[in-house]
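Structure at a glance
Residues per chain, in single letters:
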Amino acid sequence: MSRSTIMPSICYFRRRHLMILQFHILLIVLLFPGRECTMPEASQEGLLHSFKSYSDIAMFHYTVPKEVLRATWQFAAFMDGQGCPERKVHIYLQWGSYPVISVNNDTFPKDMYPMRNQTITISAVTTFEPKTTAVVPIYGPEAGDWFVGAYLSYWDEKVQQQGLGHKCHYSIGSVAIWTQANSIENVPIGYTHNLRTKETTSYYKIYIPSGTWNFRVDIWGCNFTVQKPHDVQELCIKSLALKGRSLPIFNHSELAETVNLTMQDSYRFRESSPYEDSYYYLMIVSDSVIELNVKVTISECPIRITEKSFVRQYLDAPSFSKALAQLHMKDLTKHRLHHTESRNNESFYGEVYLMKNQFHESDETFDDPCVPRYQLARIKHSQTFSGVYLLQGREWLTSWVMLTDVHPVVTQFNILPLVDIGGTLDISAHLEMDKVVIKQLVKVLICVRRGRVPDRVKSNIVCKNPEMSMNLSSSDKRDGNILIPYPQPDTWYVTLDATCYFNGNPVKCEMEEILVSLDIRTRQCVFPGNYPCGHHGICQEIHRDILYYTACKCFEGYKGWGCTDATNANPESSLLVTTLILTLSNGFFIPAIYLAVKRGLYTEGLVYLATMLFSSLYHACDQHVMTYCVAKYEVLQYSDFFSSILAFWVTLVAMAEIPIRFVSLCHMFGVFIIAFGVESNKTGLASILVPLGMGIMIPMGAYAYRCFQLKKWKKPDQVSKLLTGLTLAIIGLLLFSLIETEANYQYVHSAWHMIIAISLVFLLPPSRLEQVGSSGSSFSDDSELLDYKDPPGSPIFTVTSGQENLVIASN
């Protein structure tokens with residue numbers, strides 16, 4: 001069956017199973033009760049491959065709308081033949097960005113933080129019929145982009161010529177559908193609002209604008225509207241929950257807190273580090289229709305640009321040597337008193353205290369004063385996933401941040417969906433300090449958090465995740481770095497908090513300002529510079545429709561996200577040996593070249609020489625180490641394939657020993673056929689079989705014609721020589737077609753070079769010599785196929801009749 005007939009059958013096979021998947025998932029959704037509407041998403045499918053690098057992963061993209069109660073994914077993995085072995089499929093489901101996948105506990109580079117809270121991992125097994133499917137329900141999913149990545153467990157895959165036998169294909173079908181809530185009522189901010197429930201589970205949304213520092217939600221006055229119970233202690237609200245960006249689901253969501261209230265109870269939700277420019281959803285569960293009062297109160301902390309004083313002092317101070325001259329070193333006590341008074345008089349803090357007075361003085365939630373917040377500007381470079389984030393002033397940009405020990409500083413920047421998520425987010429910091437000038441120990445805590453400002457306790461930053469923090473010190477560690485692969489789209493916050501110590505005790509800082517360089521940028525793959533995957537890998541740019549991301553492809557036995565895991569690395573001596581075997585094995589063509597030239601077969605000798613050279617150069621360029629390319633890889637690959645097939649062709653023409661006038665015609669005909677086939681598909685079976693099939697017809701036809709002229713079917717002379725050459729050629733073809741795998745490629749392919757080169761020695765005909773003899777020594781002088789003479793003892797396929805010799809060379 002040709003490839004053109006195989007592929008439509010595979011496509012039909014997948015479509016049939018995807019229709020079954022859609023039917024199954026619709027049945028599942030129909031079982032979900034409620035008045036909500038069901039929103040389908042088009043099914044997706046893709047081919048599965050064994051995992052060798054991230055480019056082998058089948059990637060799907062879904063967009064989940066807002067206010068979804070439940071999203072359900074269903075997966076089924078297929079194979080296109082009943083005789084194909086079953087394979088295990090690993091499936092990753094991830095919100096926001098591409099899943100970070102570690103196979104076989106591969107390591108990550110130093111300072112990299114690959115953890116994801118929302119990653120869901122499941123597995124499946126490929127089947128010919130849809131016997132089993134994997135269903136993944138997610139309650140209250142976050143809105144936005146969702147990504148599915150799937151791959152097969154690794155096996156030593158056979159290097160099979162395209163079209164030679166059946167190659168098993170594996171695929172995965174993915175169907176998603178979600179249930180969305182209808183018409184959620186909005187709760188205004190700043191004044192009391194009366195709510196009336198309509199369902200057993202009612203939802204309300206609260207918009208928290210950008211610049212909100214903290215907020216609270218007060219709930220009281222719950223009352224039944226249908227009938228009032230005699231016992232005021234009876235539950236009025238069965239469950240009460242508040243969640244940011246997604247709907248809380250009763251008995252399903254992992255909520256921070258869920259409460260129940262009687263008619264006399266009241267409750268207050270406090271959020272000290274809220275999601276900004278986002279909706280919070282309030283869930284009220286009650287067994288009856290109720291009314292209640294809600295009031296949302298917020299405290300603002302505006303995002304500012306850097307003060308003008310920063311420009312005046314540090315715009316021309318990119319290094320500490322220049323900045324230090326502008327820092328005023330003062331007496332410890334006097335400086336701190338003066339510094340505290342001046343900071344309290346700034347208009348910035350005046351605004352904060354004014355806002356604080358709008359609320360109850362006893363509310364500890366709003367005792368958290370606002371701190372400076374700066375929005376970093378995104379500078380996009382021409383290269384994909386290459387941008388830098390800088391502090392933005394009115395007329396300038398810088399990476400330098402000034403700190404004091406009075407309050408922390410908050411910087412924030414945005415990672416955009418799809419645009420920025422395909423590389424690595426690199427956050428680096430450097431503390432600029434001179435130990436000679438200052439005797440105090442200066443420590444700077446830097447905390448990174450996505451979506452919300454890091455938590456605070458009494459105005460001090462608390463970094464709950466140690467891997468997302470950096471501790472800089474003037475005594476030893478002045479540099480810190482955090483790498484985040486495939487960062488999720490959101491507003492990211494980086495807080496900086498400075499503290500000075502003397503004799504191990506915290507004291508007031510001598511320095512008026514502490515200078516920190518904050519370098520935040522996105523890049524392709526992992527590392528900066530010309531080697532984004534180190535010296536043992538290359539950075540691949542992967543396209544999947546609208547999806548575009550980068551990943552490292554490792555070689556030399558290295559593995560890991562950044563090709564830094566040397567657990568199974570091959571020694572350089574082994575790599576050198578395999579490279580030399582592949583290139584030097586072509587030296588076995590030298591005997592065939594010498595024999596062809598000696599027998600006057602100069603065209604054949606030239607083709608064998610070209611085959612030897614192009615194969616050696618191609619394999620030297622095809623290596624990842626000690627690579628040597630005299631031309632483009634594609635040019636060398638084409639030349640290797642073309643010359644290899646042409647070597648078979650000219651050998652078959654020489655074996656036919658046809659008249660000289662037809663030799664050049666056959667050679668040029670073969671060149672056109674081979675060039676067309678190789679250019680059409682280098683790895684296709686047709687590009688080899690068509691020229692070989694046509695070439696074999698030349699010596700076989702010549703032999704049959706001569707036997708017909710003699711009216712006899714004679715056995716050729718030196719059959720053993722012919723059989724030896726053919727046997728070697730067949731063994732080489734079997735090695736190439738059936739035994740060669742990715743693991744043994746270097747050794748089997750080298751053996752193929754040697755065996756094929758040796759077979760030419762047995763298949764080449766002898767030199768063509770005109771024999772000057774009696775007139776009776778010539779047969780069929782009027783036949784163009786018999787107008788030559790050979791000496792006695794001519795080579796293979798010689799038909800003998802009496803005292804006359806007739807050379808018929810074939811195959």
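Cut-offs applied
- Throughout, a residue's number is its position along its own chain's written sequence, starting from 1.
- Confidence filtering applies because this is a predicted model: local features only for residues at pLDDT of at least 70, side-chain atom pairs given and counted only at 80 or more, and all residues used for totals across whole chains, interfaces and linings.
- For side-chain calculations, the full set of non-hydrogen atoms in the structure is used, while hydrogens and water are omitted.
- Two cysteine sulfur atoms form a disulfide, by the criterion used here, when they sit within 2.5 Å.
- We call a residue buried when its accessible area falls under 20% of the maximum for its residue type, exposed when it is over 50%, and partly exposed in between, using a 1.4 Å probe and counting protein chains only.
- We call a set of buried residues a nonpolar core when its members are Ala, Val, Leu, Ile, Met, Phe, Trp, Tyr or Cys and they connect through side-chain atoms within 4.5 Å of each other.
- Only DSSP runs of H or I covering at least 4 residues are called helices, and only runs of E covering at least 2 are called strands; the numbering of each starts at the N terminus.
- Contacts are assigned to residue pairs with any non-hydrogen atoms lying within 4.5 Å of each other.
- Pairs of strands are assigned from DSSP output, requiring at least two bridges between the strands.
- Salt bridge, as used here: a side-chain nitrogen of Lys or Arg that lies within 4 Å of a carboxyl oxygen of Asp or Glu.
- N or O atoms within 3.5 Å of each other form a polar contact, as long as, within protein, one can give a hydrogen and the other can take it, and as long as residues adjacent in sequence are counted only when both atoms are side-chain atoms.
- Note on method: axes are straight lines fitted to C-alpha atoms, helices fitted across the in-contact stretch only, with angles between N-to-C directions ranging 0 to 180 degrees.
- Using only the protein atoms, space was sampled on a 1 Å grid; points where a 1.4 Å probe fits but cannot get out form cavities, open sets with protein on both sides within 12 Å along at least five of seven lines form pockets, and lining residues are those with an atom within 4 Å of a point.
- Grid points are joined across faces, edges and corners, and a volume is the space filled by probe spheres set on the points.

**Observations concerning the state of the cysteines**
- In the structure shown here, the tally under the stated rule is nine disulfides.
- Disulfide pairing is shown between Cys500 and Cys509; the S-S distance is 1.8 Å. Here the S-S torsion is close to 105°, and the disulfide linking Cys500 with Cys509 is therefore right-handed. Each member of the pair, Cys500 together with Cys509, is buried.

**Examining the nonpolar core**
- Tyr54, Phe413, Val444 and Ile514 are the most contacted members of the largest nonpolar core, which totals 61 residues.
- For this core, the leading source of residues is strand 29 (residues 490–502), giving five residues.
- Ignoring any residue separated from it by four or fewer positions in sequence, one finds Tyr54 in contact with Met59, Tyr98, Pro99, Ile101, Tyr486, Ile542, Tyr549, Ala551 and Trp561.
- Core analysis: the next-biggest nonpolar cluster, separate from the first, contains 29 residues, Met79, Tyr170, Ile172 and Ala176 among them.

**Here's the deal with the sheet that holds strand 16 (residues 278–285)**
- The mixed open sheet is built from five strands, whose spatial order is 9-11-16-13-14. Two strands in the sheet have a free side with no partner beyond their single neighbour: strand 9 (185–186) and strand 14 (259–262).
- Judged from the six bridges that link them, strand 13 (residues 235–244) and strand 16 form a sheet pairing that is antiparallel. Paired with Ala241 across the bridge in strand 16 is Met283.

**Looking at the pattern of salt bridges**
- Following the criterion strictly, the structure yields 15 salt bridges and no others.
- Taking the shortest distance from any N to any O, the salt bridge between Lys205 and Glu67 comes out at 3.3 Å. Residue Lys205 is found in strand 11 (residues 201–208), and its partner Glu67 is found in the loop between strand 2 (58–64) and strand 3 (68–79); the two are separated by 138 residues along the sequence. Here the two residues Lys205 and Glu67 agree in accessibility, since each one is buried.

**Observations regarding the pairing of strand 17 (residues 290–300)**
- Across the eleven residues of strand 17, eight count as buried, placing the element largely inside the fold.
- As judged from the four bridges shared by strand 10 (residues 193–196) and strand 17, these two strands associate in the antiparallel manner. Each residue of the ladder has a partner; that of His193, found in strand 17, is Val294.
- Here ten bridges tie strand 12 (residues 212–224) to strand 17, and the two strands are oriented antiparallel to one another. Along strand 17, the bridge assignment pairs Asn214 with Ser299.

**Brief notes about the side chain of Asn293**
- One can find Asn293 in strand 17.
- Among the polar contacts listed, one links the side chain of Asn293 to the side chain of Asn194, at a separation of 3.2 Å.
- Leaving out residues up to four positions away in the same chain, Asn293 has contacts with Thr192, His193, Asn194, Asp218, Ile219, Trp220 and Gly221.

**Overview of the sheet that holds strand 17**
- Across the sheet, which stays open at both edges, the four strands sit in the order 10-17-12-15 with antiparallel pairing between neighbours. Whereas interior strands pair on both sides, the edge strands pair on one side only; in this sheet they are strand 10 and strand 15 (267–271). Pairs of neighbouring strands in the sheet enclose a mean axial angle of 25°, with direction left out of account.

**Some thoughts on empty space enclosed by the protein**
- According to the stated counting rule, one finds six cavities of 30 Å³ or more in the structure shown.
- What the largest cavity holds in volume is close to 50 Å³.
- In terms of lining residues, the largest cavity is bounded by Gly422, Gly423, Thr424, Pro485, Tyr486, Cys525, Val526, Thr550, Ala551, Cys552 and Trp561.
- Per-element accounting of the lining of the largest cavity gives the leading share, three residues, to strand 34 (residues 547–554).

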